[in-house]
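A structural walkthrough
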Amino acid sequence: MIYLPAAASAALSMLMTAGMAGTFFGFSAGVMPGLNAAGASSAIDAMNAVNVRIQNPVFLAAFVLAPVVTAGTGALLLSRSGSGAAWPFFAAAAVYAVGVILPTAAVNVPMNDALAAVAVHGDPAEAARIWSDYSARWTAWNTGRAAAGAVSLLLMGYGVYRWGRGS
């Protein structure tokens, strides 16, 4: 009877993690280059608007619950005696926590807060300098979050593979 809850938990954790990794990838690959092509003041205004709107229940639930559900999947699989499939899920939860949540809290959110506090509409040169510094650093850290999300997802895929093989 453990199969249905574990399968549902595995699917949900994979969907949430894929959504987060895809969101971060989309920002690094498309949104930030697009904003870089705009004027700096416009890019700052747009990024500030995105940073406000991204804090919505759907995004935040997936962002925060992905590693929780992933670890829960590992626990469900571990309760099946001898299920080596649990360990990739535990590893995936740890990779997500360290590679996605930690940099978000330590780097990306503080950078977003600092960007929201600037007032550069009267000085295009200052806006360009601030945006250039922000965009390069924010995108680098964001790309790291995308990569960590992808690694987490791959680990879950490996866990599902092991589960399917009965190990």
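Anyway, here's the lowdown on the structure attached to this text. Quick caveat, the model's predicted, so the values are computed rather than measured.

**Describing the overall build of the protein chain**
- Each helix and strand in the protein chain was counted, giving 5 helices and 0 strands.
- Its helices and strands in sequence order give the protein chain the pattern α-α-α-α-α, from N to C terminus.
- Counting only C-alpha atoms, the protein chain reaches 65 × 25 × 20 Å along its principal axes.
- Within the span of the protein chain, comprising 167 residues, buried residues form 38% of the whole.
- Considering only contacts within the protein chain whose residues lie at least 6 apart along the sequence, 81% involve residues at least 24 apart.
- Split by element, the accessible area of the protein chain, about 8300 Å² in all, is 72% carbon and sulfur.

**A look at the pattern of salt bridges**
- Counted according to the given criterion, the structure contains 2 salt bridges.
- The residue Glu126 makes a salt bridge to Arg129 at a minimum N-O spacing of 2.6 Å. On the criterion of helical spacing, the pair formed by Glu126 and Arg129 is a turn pair, its members being 3 residues apart in helix H5 (residues 124–164).
- Residue class for Glu126 comes out partly exposed when judged on its relative accessible area of 27%.
- Between Arg129 and Asp133 there is a salt bridge; the shortest N-O distance is 3.3 Å. Here Arg129 pairs with Asp133, and both are found in helix H5, just 4 residues apart, close to one helical turn.

**Topic: a nonpolar patch on the surface**
- A cluster of nonpolar side chains, namely Val64, Leu65 and Val68, defines an oily patch on the protein surface of about 240 Å² accessible area.
- Mapped onto the elements, Val64 comes out in helix H3 (residues 57–78).

**Details of the layout of surface pockets**
- When its volume is computed, the largest pocket comes out at roughly 430 Å³.
- Taken together, 24 residues form the lining of the largest pocket, with Asn51, Ile54, Gln55, Val109 and Asn112 sitting closest to its centre.
- Top contributing element to the lining of the largest pocket by residue count: helix H4 (residues 86–116), with 8 residues.
- Classifying every residue of the lining of the largest pocket gives 14 nonpolar, 8 polar and 2 charged.

**Thoughts on the nonpolar core**
- Within the largest apolar cluster, 16 residues are counted, with the highest numbers of intra-cluster contacts made by Met32, Ile44, Met47, Leu115, Trp131, Tyr134 and Trp138.
- Sorting the residues of this core by element identifies helix H1 (3–37), helix H2 (40–53), H4 and H5 as the ones contributing at least two each.
- Sort the elements by how many residues they give to this core and H5 lands first, with 5 residues.
- Once residues within four sequence positions are removed from consideration, Ile44 is found in contact with Leu115, Val118, Val120, Ala127, Ile130 and Trp131.
- Core analysis: the second largest hydrophobic core is formed by 12 residues, Phe24, Phe59, Tyr96 and Val100 among them.

Reading the values: rules and limits
- Residues numbered from 1 in each chain as written.
- Predicted model: local features only at pLDDT ≥ 70, side-chain atom pairs only at ≥ 80, totals over all residues.
- Heavy atoms only, no water.
- Helix = DSSP H or I, 4+ residues; strand = E, 2+ residues; numbered from the N terminus.
- Buried < 20%, exposed > 50% of the residue type's maximum accessible area, 1.4 Å probe, protein only.
- Contact = heavy atoms within 4.5 Å.
- Areas by Shrake-Rupley, 256 points an atom, 1.4 Å probe, with all protein chains shown as cover.
- Salt bridge = Lys/Arg side-chain N within 4 Å of Asp/Glu carboxyl O.
- Patch = residues over 30% accessible without salt bridge, like charges linked within 9 Å, V, L, I, M, F, W, Y side chains within 5 Å.
- 1 Å grid on protein atoms, 1.4 Å probe; cavity = no way out; pocket = protein on both sides within 12 Å on 5 of 7 lines; lining within 4 Å.
- Points joined across faces, edges and corners; volume = space filled by probe spheres on them.
- Nonpolar A, V, L, I, M, F, W, Y, C, P; charged D, E, K, R; others polar.
- Core = buried A, V, L, I, M, F, W, Y, C linked by side-chain atoms within 4.5 Å.

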